[in-house]
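# Observations on the model geometry
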Amino acid sequence: MQGWRGGTELDLGSPQQQATLAVLLLKAGAQTSKAQLIDAIWGARPPRAADGTIRTYLSRLRRILRGGEPESPIRTVAGGYMIPTGAVDLDTTHFADLVHRVHSRRPEDHEDNAVRLRDALALWRGTALAGVPGPFADAQRDRLSQLHAAAGEEVVAADVHMGRYATALADLALLIAANPLRERLRELQMLALYRSGRQADALEAYDRIRRHLARELGIDPGRELQQLHRRILTRVPGL
């Protein structure tokens, strides 16, 4: 987890202190009680001094975030704490805004949508909340990873639609390595390979995901993936 004031990176403290800040930031202006903060950071087994430790984290974070300003964005409210929406610029907020703009546009605007989605993906600097502990961070890390993967899928889908198969396949290699069980990525990979004149490679890509799903989850590929496999196998016109 990283933060800046102007061009200077802030020292956000220990992993647990960063977890405290992550809760307040990602709750999007909602009030969070001390008990909720303790549960979010340590789960069912908090340390005995958790109450005092939280107070220390909040005091340090207020000082760090305040800088030269008259007050910190961390506010004390009845029964808890909060950071008002908009008090701090978040990459996650900018990412969500860019993705929302794409979804508000016409789906057939492939070129513009791909540009906006690449701008959104450029905001990422590795794994979300890397090194931040606790049940809340774990859940948010998974949620944000899913959003990242979905945006990556949409970029690749636009590239495939526009015939940019080499670019799509290069991006797909990275996305599949990070999300090996995500079937939509395999569909796009198979389609890009087939449209590049590589039917055998497309069929081999299907065999790889089929074996992987059987080994990891004990299931067969989904209906859409199976249908695409049959269409590639029989060279359905228009595919």
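A short tour of the structure in this document, coming up. Just so it is clear, the structure is predicted and the values come from calculations on it, not from any experiment. (Residues numbered from 1 in each chain as written. Predicted model: local features only at pLDDT ≥ 70, side-chain atom pairs only at ≥ 80, totals over all residues. Heavy atoms only, no water.)

### Focus on the overall build of the chain
- Within the chain one finds 10 helices and four strands.
- The helix and strand sequence of the chain, counted from the amino end, reads β-β-α-α-α-β-β-α-α-α-α-α-α-α.
- Relative to the globule expectation of 18 Å for 239 residues, the C-alpha radius of gyration of the chain, 22 Å, shows a markedly less compact shape.
- Its C-alpha atoms put the chain at 65 × 40 × 30 Å along the principal axes.
- Within the chain, the fraction of its 239 residues that count as buried is 40%.
- For the chain, contacts bridging at least 24 residues in sequence account for 58% of all contacts bridging at least 6.
- Entry remark: accessible area of the chain is about 13,100 Å², with carbon and sulfur atoms responsible for 50%.
- With 33 positive and 28 negative side-chain charges, the chain shows a separation of 4 Å between the mean positions of the two kinds. (Helix = DSSP H or I, 4+ residues; strand = E, 2+ residues; numbered from the N terminus. Rg over C-alpha atoms; globule rule 2.2 N^0.38 Å. Buried < 20%, exposed > 50% of the residue type's maximum accessible area, 1.4 Å probe, protein only. Contact = heavy atoms within 4.5 Å. Areas by Shrake-Rupley, 256 points an atom, 1.4 Å probe, with all protein chains shown as cover. Lys, Arg positive; Asp, Glu negative; His and termini not counted. Charge placed at Lys NZ, Arg CZ, Asp CG, Glu CD.)

### Overview of the nonpolar core
- With 28 residues, the main nonpolar core has Leu21, Leu24, Leu37, Trp42, Ile54, Leu58 and Ile74 as its most contacted residues.
- Elements with a minimum of two residues in this core: α1 (15–26), α2 (34–42), α3 (50–66) and α6 (135–161).
- Sorting elements by how many residues they give to this core places α3 first, with seven residues.
- Excluding its chain neighbours within four sequence positions, the residues that come into contact with Leu58 are Thr20, Leu24, Leu37, Ile74 and Tyr81. (Core = buried A, V, L, I, M, F, W, Y, C linked by side-chain atoms within 4.5 Å.)

### Thoughts on the pattern of salt bridges
- Applying the stated criterion to the full structure yields 16 salt bridges.
- In this structure, the salt-bridge partner of Arg141 is Asp138, at a minimum N-O distance of 2.6 Å. Taken together, the residues Arg141 and Asp138, both in helix α6 and three residues apart, mark about one turn of the helix.
- When the shortest N-O distance is used, the salt bridge between Asp159 and Arg164 registers 2.8 Å.
- Residue class for Asp159 comes out buried when judged on its relative accessible area of 0%.
- One network of salt bridges, in which partners are shared, links Glu111, Arg118, Asp159, Arg164 and Asp171. (Salt bridge = Lys/Arg side-chain N within 4 Å of Asp/Glu carboxyl O.)

### Regarding the packing of aromatic side chains
- Tallying each qualifying case throughout the model produces two aromatic pairs.
- Here Trp42 and Tyr57 contribute two aromatic rings whose centre-to-centre distance is 6.5 Å and whose plane-to-plane angle is 25°, an arrangement assigned as stacked. With a gap of 15 residues between them, Trp42 in helix α2 and Tyr57 in helix α3 connect regions that are remote in the sequence. Each member of the pair, Trp42 as well as Tyr57, is classed as buried.
- Ring geometry for Phe95 against Trp124: centres 5.5 Å apart, planes inclined by 80°, an arrangement best described as edge-to-face. Taken together, the residues span a long stretch of sequence, with Phe95 in helix α4 (residues 91–104) and Trp124 in the loop between α5 (110–121) and α6 at a distance of 29 residues. (Phe/Tyr/Trp six-rings, centres within 6.5 Å; stacked < 30°, edge-to-face > 60°.)

### Describing the layout of surface pockets
- A volume near 1,000 Å³ is recorded for the largest pocket.
- In this structure, the largest pocket is lined by 34 residues; those nearest its centre are Gln2, Gly3, Asp89, Leu90 and Asp91.
- If you list the elements that add at least two residues to the lining of the largest pocket, you get β1 (4–5), α1, α3 and α4.
- Here the residues of the lining of the largest pocket sort into 21 nonpolar, six polar and seven charged. (1 Å grid on protein atoms, 1.4 Å probe; cavity = no way out; pocket = protein on both sides within 12 Å on 5 of 7 lines; lining within 4 Å. Points joined across faces, edges and corners; volume = space filled by probe spheres on them. Nonpolar A, V, L, I, M, F, W, Y, C, P; charged D, E, K, R; others polar.)

### Overview of the packing of α4 against α6
- Between α4 and α6, the shortest axis-to-axis distance is 12 Å and the interhelical angle comes to 40°. The angle between the axes of α4 and α6 places the two elements in the oblique class. For the pair α4 and α6, the sense of crossing is left-handed. Residue-level inspection shows Thr92, Phe95, Val102 and His103 of α4 in contact with α6, the latter providing Leu144, Leu147, His148, Ala151 and Glu154.
- When its residues are assigned to classes, the contact of α4 with α6 shows five nonpolar, three polar and one charged. (Axes fitted to C-alpha atoms, helices over the stretch in contact; angles between N-to-C directions. Parallel < 35°, antiparallel > 145°, perpendicular 65-115°, else oblique. Left-handed = near helix turned anticlockwise from the far one by under 90°.)

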